[in-house]
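Each chain is listed here by its residues.
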Amino acid sequence: MERYWFGDLDGGRCSPAGSDPEALAGRIRALGPELLIPDWRVAEECGAVSGRQEYLASLRAVCIALTRAQVAEDLSAKDVELLQMVRTLDEVDHVINLLLERAVDWQAVIDPGFTRKYRRGGKALGGKIMRSRSPPLRQVGREIEALGEMRRRLARDVSRQADVVLPNTSALVGGLVAARLMAAAGGLVPLSRMPGATVQVLGARSALFAHIRGSAPSPKHGVIFQHRRVHNAPRNLRGRVARVLAAKLVIAARIDCYRGELDEAFLDKAQARIDAAGELA
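Nothing here was measured: the structure is a model prediction, and the numbers come from that model.

1. What about the domain arrangement of the protein?
Then comes step 1: Splitting the protein by domain gives domain 1 (2-76) and domain 2 (78-278).
Then comes step 2: The C-alpha-based centres of domain 1 and domain 2 are spaced at 46 Å.

Right, dumping it as structure tokens:
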């Protein structure tokens with residue numbers, strides 16, 4: 001039997017599959033590689049269309065329906081919302097930093113005695129801006145403070161969502177780092193398909209390009225440096241810890257992608273292996 005998107009052809013007898021684009025799109029998704037690529041004349045002989053123009057119009061409608069179904073499926077993936085949450089968190093960080101930098105320059109104009117010690121950030125800087133003689137600047141300070149509180153709440157939400165979407169990856173490095181790794185990879189499926197060496201340097205794009213240009217050594221870690229096991233490790237062991245951690249993260253991401261549940265046995269072995277990597281020989 002010859003199977004086409006518009007119907008089946010068996011021994012000279014053709015059975016059209018109908019004219020509903022949604023149903024035909026579902027047929028294409030269901031049959032997949034079994035479908036043959038026809039000439040429009042085959043569809044005409046089958047009685048599915050009356051000519052080339054109708055064939056092209058019908059094929060266009062089916063392709064649109066197929067694309068809509070694929071987009072809907074992609075957007076319903078469990079990692080899509082988490083991906084947007086992480087990117088929003090990064091944007092909020094960027095906005096806070098820009099506003100804070102502008103507020104510091106503004107305060108320096110108003111108060112020439114504004115010393116550099118306040119420019120390091122923190123509560124001292126925020127308090128200085130909130131006590132400024134300029135009412136508009138005080139309003140900016142309140143907005144920065146509100147954004148900071150919103151950022152803290154969003155970070156907690158990201159961590160909680162990562163525990164659901166990336167249970168094993170989150171168990172290894174924490175929800176926030178796991179979510180940032182997934183965002184840097186572009187999603188859970190791309191992360192699960194990456195080799196450990198790539199996961200190790202995810203987020204270190206600038207350092208990697210500097211190394212490629214020959215102006216810097218190769219980076220040993222990217223996003224995973226935020227995890228305590230890497231940044232608290234002795235400097236001479238950080239590379240080894242990062243390699244082992246990245247290798248275990250790849251396995252964890254694959255378990256999250258294809259099973260979606262916590263694997264305690266794997267986590268116990270992975271934690272022991274990572275701990276051993278950070279110990280001096």
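2. Quick notes on the state of the cysteines
Then comes step 1: Summed over the entire model, instances satisfying the criterion amount to 1 disulfide.
Then comes step 2: Each sulfur of the disulfide joining C14 and C46 lies 1.3 Å from the other. Between C14 and C46, the S-S dihedral sits near -60 degrees, and the bridge is therefore left-handed. Of this pair, C14 sits in strand 3 (residues 13-16) while C46 sits in helix 2 (residues 40-46), and the two are 32 residues apart along the sequence.
Then comes step 3: C14 sits in the partly exposed class, given a relative accessible area of 24%.
Then comes step 4: The exposure class of C46 is buried, given its relative accessible area of 10%.
Then comes step 5: Among the cysteines around C63, which has no disulfide bond, C46 carries the closest sulfur, lying 18 Å off.

3. A short note on the pairing of strand 3
Then comes step 1: For strand 2 (residues 7-10) and strand 3, the ladder comprises 4 bridges, and the chain directions are antiparallel. Residue pairing for strand 3: L9 is matched across the bridge by C14.
Then comes step 2: In textbook terms, the turn of a hairpin is the stretch between consecutive antiparallel strands, and for strand 2 and strand 3 this stretch comprises 2 residues, one of which, G11, has a positive phi near 60 degrees.

4. So, the side chain of T169
Then comes step 1: Within the secondary structure, T169 is located in helix 7 (residues 167-173).
Then comes step 2: For T169, a relative accessible area of 1% corresponds to the buried category.
Then comes step 3: When residues no more than four places from it in sequence are discounted, the contact partners of T169 are G174, A178, L249, A252, A253 and D256.

5. Overview of the sheet that holds strand 1 (residues 2-4)
Then comes step 1: Strands sit in the order 1-2-3 across an open sheet of 3 strands; the sheet is antiparallel. The two strands at the open ends of the sheet, each matched to only one other strand, are strand 1 and strand 3. Averaged over all pairs of adjacent strands, the angle between strand axes in this sheet comes to 15 degrees, irrespective of strand direction.

6. Description of the pattern of salt bridges
Then comes step 1: As enumerated under the stated definition, the model contains 12 salt bridges in all.
Then comes step 2: Of the charged contacts in the structure, one is a salt bridge between D39 and R41, with a shortest N-O distance of 3.1 Å.
Then comes step 3: When the shortest N-O distance is used, the salt bridge between D90 and R180 registers 2.3 Å. Of this pair, D90 sits in helix 4 (residues 80-110) while R180 sits in helix 8 (residues 175-185), and the two are 90 residues apart along the sequence.
Then comes step 4: Its relative accessible area of 34% is what places D90 among the partly exposed residues.

The rules behind these values
- Residues numbered from 1 in each chain as written.
- Predicted model: local features only at pLDDT ≥ 70, side-chain atom pairs only at ≥ 80, totals over all residues.
- Heavy atoms only, no water.
- Domains from an automatic or database assignment.
- Disulfide = S-S within 2.5 Å.
- Helix = DSSP H or I, 4+ residues; strand = E, 2+ residues; numbered from the N terminus.
- Buried < 20%, exposed > 50% of the residue type's maximum accessible area, 1.4 Å probe, protein only.
- Pairing = 2+ DSSP bridges.
- Contact = heavy atoms within 4.5 Å.
- Axes fitted to C-alpha atoms, helices over the stretch in contact; angles between N-to-C directions.
- Salt bridge = Lys/Arg side-chain N within 4 Å of Asp/Glu carboxyl O.

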